Amino acid sequence: MDSLLNSDRPPVFCPGCSHDRSVHTLDRALKEMGLKGSDVVIVSDIGCSGLFDTFFKTHAFHGLHGRALTYAGGIKLARPHLKVIVTMGDGGLGIGGAHFLAACRRNLDLSLLVLNNFNYGMTGGQVAATTPFHSRTTTTPVGNPDAPFNLPLLAYASGASYVARWTILHARDLTECIKEAFVRRGFSFVEVLAPCPVNY
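The rules behind each value
- Residues numbered from 1 in each chain as written.
- Predicted model: local features only at pLDDT ≥ 70, side-chain atom pairs only at ≥ 80, totals over all residues.
- Heavy atoms only, no water.
- Phe/Tyr/Trp six-rings, centres within 6.5 Å; stacked < 30°, edge-to-face > 60°.
- Helix = DSSP H or I, 4+ residues; strand = E, 2+ residues; numbered from the N terminus.
- Buried < 20%, exposed > 50% of the residue type's maximum accessible area, 1.4 Å probe, protein only.
- Pairing = 2+ DSSP bridges.
- Axes fitted to C-alpha atoms, helices over the stretch in contact; angles between N-to-C directions.
- Parallel < 35°, antiparallel > 145°, perpendicular 65-115°, else oblique.
- Left-handed = near helix turned anticlockwise from the far one by under 90°.
- Contact = heavy atoms within 4.5 Å.
- Salt bridge = Lys/Arg side-chain N within 4 Å of Asp/Glu carboxyl O.
- Expected span 1.5 Å × (residues − 1).

Participant: So what's going on with the packing of aromatic side chains? Which residues, and what values?
Facilitator: The final tally for this structure, using the stated rule, is seven aromatic pairs. An angle of 55 degrees between the planes, with centres 6.3 Å apart, marks the rings of Phe13 and Phe52 as tilted. Taken together, the residues span a long stretch of sequence, with Phe13 in the segment before α1 (19-32) and Phe52 in helix α2 (residues 52-55) at a distance of 39 residues. Phe13 gets classed as buried once you look at its relative accessible area, which sits at 18%. Residues Phe13 and Phe55 carry aromatic rings whose centres are separated by 5.5 Å and whose planes lie at 75 degrees to one another, so their mutual orientation is edge-to-face. In this pair, Phe13 sits in the segment before α1 while Phe55 sits in helix α2, placing the two residues 42 residues apart along the sequence. You can call Phe55 buried: its relative accessible area is 0%. Put simply, the rings of Phe13, Phe52 and Phe55 touch in pairs and so form one group of aromatic residues.

Participant: Pulling in residues and values, what's your account of the pairing of strand β3 (residues 83-89)?
Facilitator: Walk down a regular strand and you will see the side chains alternate between the two sheet faces. The buried count for β3 comes to seven of seven residues, which makes it a mostly enclosed element. In β3, alternate side chains face the same way, and those of Lys83, Ile85, Thr87 and Gly89 on one face and Val84, Val86 and Met88 on the other are all buried. With five bridges joining them, strand β1 (residues 40-44) and β3 adopt parallel strand pairing. Among the inter-strand pairings, Ser44 is bridged to a residue of β3, identified as Thr87. Judged from the five bridges that link them, β3 and strand β4 (residues 111-116) form a sheet pairing that is parallel. Looking at the pairing, Thr87 lines up with Leu113 of β4.

Participant: Explain the packing of α1 against helix α7 (residues 171-183) residue by residue, including any values.
Facilitator: For any two helices packed against each other, one specifies the inter-axial angle together with the distance between the axes. At their nearest, the axes of α1 and α7 sit 9 Å apart, and the two run at 50 degrees to each other. Put simply, α1 runs oblique to α7. For the element pair α1 and α7, the recorded crossing hand is right-handed. Only Ala171, Arg172, Leu174, Thr175, Glu176, Ile178, Lys179 and Phe182 of α7 make contact with α1, whose side of the interface consists of Arg21, Thr25, Leu26, Arg28, Ala29, Leu30 and Glu32.

Participant: Break down the pattern of salt bridges for me, with residues and values.
Facilitator: Within this structure, the stated rule accounts for seven salt bridges. Notably, a salt bridge pairs Asp109 with Lys76, separated by 3.7 Å at the nearest N-O pair. Highlighted residues: Asp109 in the loop between α5 (97-106) and β4 and Lys76 in helix α3 (residues 68-78), separated in sequence by 33 residues. A relative accessible area of 13% places Lys76 in the buried class.

Participant: Describe α1, with residues and values.
Facilitator: The terminal C-alpha atoms of α1 lie 20 Å apart, and with 14 residues this matches the ideal 20 Å at 1.5 Å per residue to within 8%. Residues of α1 that are buried include every one of His19, Ser22, Val23, Thr25, Leu26, Asp27, Ala29 and Leu30, and no others. Residues of α1 that are buried sit in contact with β1, α2, β3, β4, α7 and β6 (188-193).

Participant: Please provide a residue-by-residue account of the sheet that holds strand β5 (residues 162-167), values included.
Facilitator: Strand order in the open sheet formed by six strands is β2-β1-β3-β4-β6-β5, and the pairing between neighbours is parallel. Where the open sheet ends on each side, the last strands, each with one partner, are β2 (59-62) and β5. Averaged over all pairs of adjacent strands, the angle between their axes in this sheet comes to 15 degrees, without regard to strand direction. Strands in contact with α1 are β1, β3, β4 and β6; relative to β4, the strand with the most contacts, it is inclined by about 160 degrees.

Participant: Any details on the environment of Lys83? Residues and values, ideally.
Facilitator: As for its placement among the helices and strands, Lys83 is situated in strand β3. Residue classification places Lys83 among the buried positions, given a relative accessible area of 17%. Setting aside residues no more than four positions away along its own chain, Lys83 makes contact with Leu35, Asp39, Val40, Val41 and Phe182.

This is how it looks when you write it as structure tokens:
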């Protein structure tokens, strides 16, 4: 199967950004599953991971910050035969937390790929809901006073049917994990720990 990457819009991220590898890992999973662009919808949030919809030759929808899961749910209800994939950062997930909990609880047949870089990377490195306790960011110069969300535990406790966490350093295993998530019925959640070399 051919790559689903959009040759007219190649991935562009900061030097050393792990999101580039995430794009290629997602593409490899789609290729190995034999999915065509017409079979897939990529729904993106904003931020660095919000660029994913433009990098693929698939159906696409680019939404507002934290709301990607609501659009994805509507798309899946309207076109249940499509594979609906949501790409979101930890910032979008934190802002859209209630939508995340609802999607898990309702066990919607969606796949969510969260690229967790522990900060709001595109807008200057502000503290996020997943920033580790006591970590310094541009908005917490003396250390983050709040405990971070553990996203896989939150997804599991809220009713997701498939929950996984990998680092981008395990790209082969992550590819297999994404494939497993895509074939599982119900809500699939995959967190990718993906460092931000510029801001965090």
